[in-house]
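Remarks on the overall topology
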Amino acid sequence: MTATPEQGDTLVTVIVPTFNEAPNVAELVRRVGEATRGLRAALLFVDDSSDDTADVVRAVAPTAELPVRVIHRDAPVGGLGGAVLEGVRATTSPYFLVMDGDLQHPPELIGSLVARVQEPDVDVAVASRYIGDGSSAGLSGVVRQAVSSTSTAVTRAMFPVRLRDCSDPMTGFFAVRRSAVDLEALRPRGFKILLEILARHPMRVVEVPFVFGSRFAGESKANLAQGVHFMWQLAGLRFGRMSRFAIIGGMGAVANVAIVALLTWLGAPWLLAALVAAELTIVGNFLLQERFVFRDLRHEGKGVWARFGQSFTFNNVETLIRMPVMALLVETMHVAAVLATAITLVVAFVVRFTFHSRVVYRPRESSRRERMVEREAAQAGPPPAPRTESV
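Read on for a plain summary of the structure. (Residues numbered from 1 in each chain as written. Predicted model: local features only at pLDDT ≥ 70, side-chain atom pairs only at ≥ 80, totals over all residues. Heavy atoms only, no water.)

**Thoughts on unusual backbone geometry**
Defined as follows: Per the convention used, a helix needs a DSSP run of H or I reaching at least four residues, while a strand needs a run of E reaching at least two, with both numbered from the N terminus. For each residue, the accessible area found with a 1.4 Å probe, counting protein chains only, is set against the maximum for its type, and the residue is called buried under 20%, exposed over 50%, and partly exposed in between.
Even without being a glycine, R40 presents a positive backbone phi close to 55 degrees. Position of R40 among the secondary structure elements: in the loop between helix 1 (22-35) and strand 2 (41-47). Owing to a relative accessible area of 48%, R40 belongs among the partly exposed residues under this scheme. Positive phi outside glycine occurs at L103, with the angle close to 70 degrees. Mapped onto the secondary structure, L103 falls in the loop between strand 4 (95-98) and helix 4 (110-117). Taking relative accessible area as the criterion, L103 reaches 6% and is therefore assigned buried.

Here it is in structure tokens:
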């Protein structure tokens, strides 16, 4: 179905991508209507459902407090990100706001996000679970919360400059200045459309804390397939830096074996040869990473000796930890030695890359963000003096 055009004076279009969210539609429309009174807002559902979600939207639209329309896609392209992009292309408002259709994103925060994104030095206002009073309490179970926070850390590690001002690039709740986005540059292939936008554009970001709530109705759509799509999206956006890191690690492994072979051939004890090879490899890897992996970040944060000290220390500690873990897998859990080696090396690679990106080469907070923090602190004024009460 092709949605009817929105009104020309619309300031912000709230775009809600949906997949089988019929039980949530009426409540979402009601709360968005209440939250956007006076905002000149419109609500657009982009629906990929196999249930009657689109019909429910059409049924509640006539009584809504704001214009409501729906685009139903019979042949979805690009997943959730593709739905958002199609929604943006179907609008003309100067701002658009994206949120989920299950009410885990509180509509009551729409006004704050729209107010922030209209500030003259802002391109995107992000609702973040990781600042201030924000939290991911609505994620079902400790495992999902751990997966979410780990994915966020790895993602920020892969884009240390573009995401330095964004603590929650995985959120699906954000408002964008339309003129700051080149829609033709986007290649959505999953459900993390904010990451796609931030990775492909130099955006000025502000954040608003929010509590990720529980679903109003229905079941979560998160599954293994979405995880695979996310990893594919991440690799497509930032395969270069991580691949170079992996190549240097592989070269280091080959060099390590060659050094051990040479030293033992010369008569050195194997343990001494292994230690010397490990330390030389760590130093060599650091020099290569400086030149070929993190060259663009060398002047963004710490000095070279601080970077070397952190890298050298971490790699030695990681080696000391990895050996007992491998022994545990082989001796206690009876995992084959080759498989145990592969598992520990893969985990070590991800941890090592994340540490170097997020700690060793972490960029300084942008001067713009520092100015905004100072401005907000000045506007807040000094904390109130404690009250004393007479008894």
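What follows picks up the thread again.
**Remarks on the pattern of salt bridges**
What counts here: The working definition used for a salt bridge is a side-chain nitrogen of Lys or Arg within 4 Å of a carboxyl oxygen of Asp or Glu.
All told, the structure shown has 14 salt bridges when counted by the stated rule. R31 is paired through a salt bridge with E108; the nearest N and O atoms lie 2.9 Å apart. One end of the pair, R31, is in helix 1; the other, E108, is in the loop between strand 4 and helix 4, with 77 residues separating them in the sequence. Take R31: its relative accessible area is 18%, and that puts it in the buried class. Residue class for E108 comes out partly exposed when judged on its relative accessible area of 48%. With a shortest N-O distance of 2.7 Å, E65 and R37 are connected by a salt bridge.

**Describing helix 6 (residues 193-200)**
Burial runs high along helix 6: seven of the eight residues are buried. Taken together, the buried positions of helix 6 are I193, L194, L195, E196, I197, L198 and A199.

**Section: the layout of surface pockets**
Summary: where empty space remains is shown by rolling a probe the size of a single water molecule over the atoms. Rules: Within this scheme a cavity is a closed region of a 1 Å grid, computed over the protein atoms alone, that accommodates a 1.4 Å probe without allowing it to escape, whereas a pocket is open but has protein on both sides within 12 Å along at least five of seven lines; lining residues each have an atom within 4 Å of a point. Grid points are joined across faces, edges and corners, and a volume is the space filled by probe spheres set on the points.
One number sums up the size of the second largest pocket: a volume of about 850 Å³. Lining the second largest pocket are 30 residues, with N256, A278, T319, R322 and R352 sitting closest to its centre. Looking at the lining of the second largest pocket, the elements with two or more residues in it are helix 8 (239-265), helix 9 (270-292), helix 10 (304-332) and helix 11 (337-360). With 10 residues, the top contributor of residues to the lining of the second largest pocket is helix 9.

**So, a nonpolar patch on the surface**
Applicable threshold: Here a patch means residues that are over 30% exposed by relative accessible area and free of salt bridges, tied together within 9 Å if like-charged and within 5 Å if nonpolar (Val, Leu, Ile, Met, Phe, Trp, Tyr). Note on areas: Shrake-Rupley with a 1.4 Å probe; residue coverage comes only from the protein chains shown.
On the surface, a cluster of nonpolar side chains totalling about 320 Å² of accessible area is made up of L339, I343, V347 and V351. Mapped onto the elements of the fold, L339 is located in helix 11. Classification of L339 as partly exposed rests on a relative accessible area of 48%.

**Some thoughts on the packing of aromatic side chains**
How two aromatic rings sit relative to each other is given by the distance of their centres and the angle of their planes. The test is simple: For Phe, Tyr and Trp, where Trp contributes only its six-membered ring, two rings pair if their centres lie within 6.5 Å, and the inter-plane angle classes them as stacked under 30 degrees, edge-to-face over 60, or tilted in between. Charge over a ring is defined by NZ of Lys or CZ of Arg lying within 6 Å of the ring centre and within 35 degrees of the ring normal.
Using the criterion set out here, one finds 11 aromatic pairs in the structure. Ring centres of F294 and Y361 lie 4.2 Å apart, and the angle between their planes is 15 degrees; this geometry places the pair in the stacked category. Here Y361 lies in the loop between helix 11 and helix 12 (367-380) and F294 lies in the loop between helix 9 and helix 10, a separation of 67 residues in the sequence. The same class applies to F294 and to Y361, which are both buried. Aromatic ring contacts, followed pair by pair, group F245, F294, F349, F353 and Y361 into a single cluster. Stacked on the ring of F212, the Lys or Arg R129 has its end atom at 5.8 Å from the ring centre.

**Details of the packing of helix 9 against helix 10**
Here is the rule we go by: Only the stretch in contact is used when a helix axis is fitted, and all axes are lines through C-alpha atoms; the angle between N-to-C directions ranges over 0 to 180 degrees. Geometric relationships in this document are graded by angle, where less than 35 degrees denotes roughly parallel, more than 145 denotes roughly antiparallel, 65 to 115 denotes roughly perpendicular, and other angles denote oblique. The crossing is said to be left-handed when, going from far helix to near helix, the turn is anticlockwise and less than a right angle, and right-handed when the turn is clockwise. Only heavy atoms matter for contacts: two residues are in contact if any of them lie within 4.5 Å across the pair.
With their axes 10 Å apart at the nearest point, helix 9 and helix 10 run at an angle of 135 degrees to one another. The pairing of helix 9 with helix 10 is recorded here as oblique in orientation. Between helix 9 and helix 10 lies a crossing whose hand is right-handed. Residue-level inspection shows E279, I282, V283, F286 and E290 of helix 9 in contact with helix 10, the latter providing V304, R307, F308, S311, F312, N315 and N316.

**Observations concerning the side chain of T18**
Counting through the fold element by element, T18 comes out in strand 1 (residues 12-18). You can call T18 buried: its relative accessible area is 5%. T18 has contacts with F45, V46, D47, D48, S49, T53 and G101, leaving out every residue within four places of it along the chain.

**Brief notes about the pairing of strand 7 (residues 205-209)**
Worth spelling out the cut-off: Two strands qualify as a pair provided that DSSP identifies no fewer than 2 bridges between them.
For strand 7, the tally of buried residues reaches four of five residues, placing the bulk of the element in the interior. Direction of pairing for strand 5 (residues 124-128) relative to strand 7: parallel, over a ladder of five bridges. Within strand 7, the position partnered with A127 by the bridge is V208.

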